[in-house]
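Chain by chain, the residues run as shown.
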Amino acid sequence: MALPIEFITRTRALLGEEYDKLEAALQADVPVSIRINRNKGTKAPSTPQVGWSETGYYLPERLSFTFDPLFHAGAYYVQEASSMFLEQAIRNFVSEPVKCLDLCAAPGGKSTHLLNLLPEGSLLVSNEVIRTRSNILAENITKWGNPNNIVTNNDPEDIGRLTHLFDVIVTDVPCSGEGMFRKDTDSTGEWSVANVNLCAARQRRIIHDIWNALKPGGLLIYSTCTYNTEEDEDNIHYIIEELGAEALSIPIRDEWQITGPLRHAHPVYRFFPHKTKGEGFFLAALRKASGEVDEIIRPKSKNKKDKGKAAPVIPPVVNKWIQEPDSFRMEIFNDTIQAIPSIHYDTWQLLSTQLRIVSAGIRIGEIKGKDILPAHSLALSTALNKEAFTCAEVSWDDAIKYLKKEVLLLPAEIEKGYVLVYYQGFPLGFVKHLGNRANNLYPQEWRIRTGYMPEQIQLLTD
């Protein structure tokens, strides 16, 4: 990999003699790591654990993730190890239920992590400004299965109008990506000093845009995957000086080999691949100054044309499909039944009037005449009542057929109707069993599209 000359010059000036070790590390193999989903009962692999994450594990090699049904079932998430350090900030500074915003959330690594980390009763709002990436984000969060989430597709400026709504805001801001050179070698050709400065300015603007949405005394977590001080230490110093925030110290262990500030004296945490097993990463935790909490924006009144209309009747059967149905509020939108956690219903109403919502809670099913088609979101949800459906455990071959949205043949003795397909005890989704065949209800847009099949398939359970 040929590194840009200006990057070499600048980074060597930053690190001195240590730079040669960094450059050597950038030529080495990329480490592979995953986080397991304990909420779905995923067992820990017998591989080394990521030191700063209770659910993170290194793998000896890259698995055939596309062809691993457990990956599609949300049993684990493939995530770069260094970015799992977010866990330490949450565990040290968040101990009570919160409203948390993951501002730049796609494809979903930090959001799925937060859904396991935040105290019970918390709500996570995961936002992505790019429409296509917001759909990918919603897909990955649906697979993870936690219903206490709302996915939005908005500019930071739109969210900033939600005055003092969030207790925690996580901003993994778009950056020049120096820390990902090893993983994405093509990115070296896009790097320039001008782009570094452009990114630094954009990052400050993003923080300004959403600052008003953070409660006084709230927690801002700022991170990048880059090495330079313009996008890292300088921006933290800017937030402290211009916005009055306080940088917080996060307890760390010596064996993690995390690097402190390279400029200014604020507590910040930088990962270099020649010192830690992972890619380049930078994180800082900041506390907004305390003060009076302003009244947040309230939902607009319902449209006059809706007044006087009777609320749609929720088919009683859907209450049997989820655990603790009384803890959800059911809504019907265009024949789609949605379950919103009751404790977050008011916030969902607020956001639905102010933001573009991509997904929220659990999509339960779709009303089709007198029938109700159970939704894929329900199958993957941790709130699913598995006893409400006939279940069929399938082999790896049939699981791949299912994930490719091909026709399945189930044993004739299985009861006709909607059947929940399992692989190694993890729900994959629904089929409609007709006796001689089963209609595959896997989402068309999620299917495995590749016709290529590797000669050797390496799975998490191997």
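Source: prediction; values computed, not measured.

A.B. asks: I'd like a description of the overall build of the protein chain, backed by residues and values.
C.D. replies: Tallying secondary structure elements over the protein chain gives 12 helices and 20 strands in all. Taking the principal axes of its C-alpha atoms as reference, the protein chain extends roughly 70 × 60 × 35 Å. The burial tally for the protein chain puts 54% of its 462 residues in the buried class. Once local pairs closer than 6 in sequence are excluded, the contacts in the protein chain between residues at least 24 apart make up 73%. Surface summary for the protein chain: the accessible area is close to 21,000 Å², and the carbon and sulfur share equals 47%. When the 50 basic and 58 acidic side-chain charges of the protein chain are each reduced to a single mean position, those positions are 7 Å apart.

A.B. asks: Any details on the packing of aromatic side chains? Residues and values, ideally.
C.D. replies: Across all of its chains, the model carries 20 aromatic pairs by this definition. Grouping aromatic residues by their ring pairs yields a cluster made of Trp52, Phe85, Trp256, Tyr269, Phe271 and Phe281. Positioned above the aromatic ring of Trp446 is the side chain of Lys143, whose terminal nitrogen or guanidinium carbon lies 5.4 Å from the ring centre. Positioned above the aromatic ring of Tyr345, the side-chain terminus of Arg329 is 3.8 Å from the ring centre.

A.B. asks: If you had to explain the environment of Glu18 to someone new, which residues and values would you point to?
C.D. replies: Along the polypeptide, Glu18 turns up in the loop between α1 (5-15) and α2 (19-26). Take Glu18: its relative accessible area is 27%, and that puts it in the partly exposed class. For the pair Glu18 and Asn197, spaced 179 residues apart in the sequence, the C-alpha separation amounts to 24 Å. Ignoring any residue separated from it by four or fewer positions in sequence, one finds Glu18 in contact with His274 and Lys275.

A.B. asks: Can you lay out the environment of His266 for me, pointing to particular residues and giving the numbers?
C.D. replies: Along the chain, the position of His266 falls in the loop between β9 (246-248) and β10 (269-271). A C-alpha to C-alpha distance of 11 Å links His266 and Tyr238, two positions 28 residues apart in sequence. Once residues within four sequence positions are removed from consideration, His266 is found in contact with Ile236, His237, Ile240, Ala247 and Pro261. Within the structure, His266 has its side chain in polar contact with the side chain of His237 (distance 2.8 Å).

A.B. asks: Can you tell me about the pattern of salt bridges, naming the residues and giving the values?
C.D. replies: Inspection of the entire model under this criterion finds 17 salt bridges. The residue Arg91 makes a salt bridge to Glu87 at a minimum N-O spacing of 3.0 Å. On the criterion of helical spacing, the pair formed by Arg91 and Glu87 is a turn pair, its members being four residues apart in helix α4 (residues 86-93). Residue Asp172 is joined to Lys110 by a salt bridge in which the shortest nitrogen-to-oxygen separation is 3.3 Å. Of the two residues, Asp172 is situated in strand β7 (residues 166-172) and Lys110 in helix α5 (residues 109-117); the sequence distance between them amounts to 62 residues. Here Asp172 falls in the partly exposed class, since its relative accessible area comes to 23%. What emerges from the salt-bridge pattern is a single network uniting Arg38, Glu54, Glu87 and Arg91.

A.B. asks: Tell me about the pairing of strand β13 (residues 336-341), and please be specific about residues and values.
C.D. replies: The side chains of a regular strand alternate between the sheet's two faces. A large share of β13 lies buried, amounting to six of its six residues. Residues of β13 alternate between two faces, with Thr336, Gln338 and Ile340 on one and Ile337, Ala339 and Pro341 on the opposite face, all of them buried. Sheet topology places strand β12 (residues 328-333) next to β13; six bridges connect them, and they run antiparallel. For Phe328, the partnering residue across the bridge sits in β13 and is Pro341. Following β12, the chain reverses through two residues before pairing antiparallel with β13; Asn334 in that reversal takes a positive phi of roughly 50°. The pairing of β13 with strand β15 (residues 362-368) spans four bridges and is classified as antiparallel. Within the sheet, the bridge partner assigned to Ile337 lies in β15 and is Gly365.

A.B. asks: Before we move on, can you summarise the domain arrangement of the protein chain with the specific residues and values?
C.D. replies: Accessible area lost on assembly of the parts is the figure often given for the size of an interface. Structurally, the protein chain comprises domain 1 (80-288), domain 2 (316-388) and domain 3 (390-453). Each of domain 2 and domain 3 has a C-alpha centre, and the two are 23 Å apart. Tallying the contact residues gives 11 residues for domain 2 and 14 residues for domain 3. Carbon and sulfur atoms supply 70% of the area buried between domain 2 and domain 3, which totals about 970 Å² over both sides. Looking at the side of domain 2 facing domain 3, the largest losses of area belong to Pro374, His376 and Lys386, adding up to 51% of the total buried there.

A.B. asks: How would you explain helix α6 (residues 131-144) if you had to name every residue and give the values?
C.D. replies: Taking 1.5 Å as the rise per residue, α6 with 14 residues should run 20 Å; its terminal C-alpha atoms sit 20 Å apart, in good agreement. Listing the buried residues of α6 in full gives Ser134, Leu137, Ala138, Glu139, Asn140, Ile141, Thr142, Lys143 and Trp144. Of the residues one or two after α6, Gly145 is the one with positive phi, at around 95°.

A.B. asks: Could you give an account of the sheet that holds strand β18 (residues 417-423), with specific residues and numbers?
C.D. replies: Either a parallel or an antiparallel arrangement is found when strands of a sheet pair, and the pairing is made through backbone hydrogen bonds. In space, the four strands of this open sheet follow the order β17-β18-β19-β20, with mixed pairing throughout. Unpaired on one side and paired on the other, β17 (390-393) and β20 (438-440) mark the two borders of the sheet. Across the sheet, the mean angle separating the axes of adjacent strands is 40° when strand polarity is ignored.

Rules of the game
Residues numbered from 1 in each chain as written. Predicted model: local features only at pLDDT ≥ 70, side-chain atom pairs only at ≥ 80, totals over all residues. Heavy atoms only, no water. Helix = DSSP H or I, 4+ residues; strand = E, 2+ residues; numbered from the N terminus. Buried < 20%, exposed > 50% of the residue type's maximum accessible area, 1.4 Å probe, protein only. Contact = heavy atoms within 4.5 Å. Areas by Shrake-Rupley, 256 points an atom, 1.4 Å probe, with all protein chains shown as cover. Lys, Arg positive; Asp, Glu negative; His and termini not counted. Charge placed at Lys NZ, Arg CZ, Asp CG, Glu CD. Phe/Tyr/Trp six-rings, centres within 6.5 Å; stacked < 30°, edge-to-face > 60°. Lys NZ or Arg CZ within 6 Å of the ring centre and 35° of its normal. Polar contact = N/O pair within 3.5 Å; in protein donor to acceptor, adjacent residues only side chain to side chain. Salt bridge = Lys/Arg side-chain N within 4 Å of Asp/Glu carboxyl O. Pairing = 2+ DSSP bridges. Domains from an automatic or database assignment. Buried area = accessible area lost by both parts, 1.4 Å probe. Expected span 1.5 Å × (residues − 1). Axes fitted to C-alpha atoms, helices over the stretch in contact; angles between N-to-C directions.

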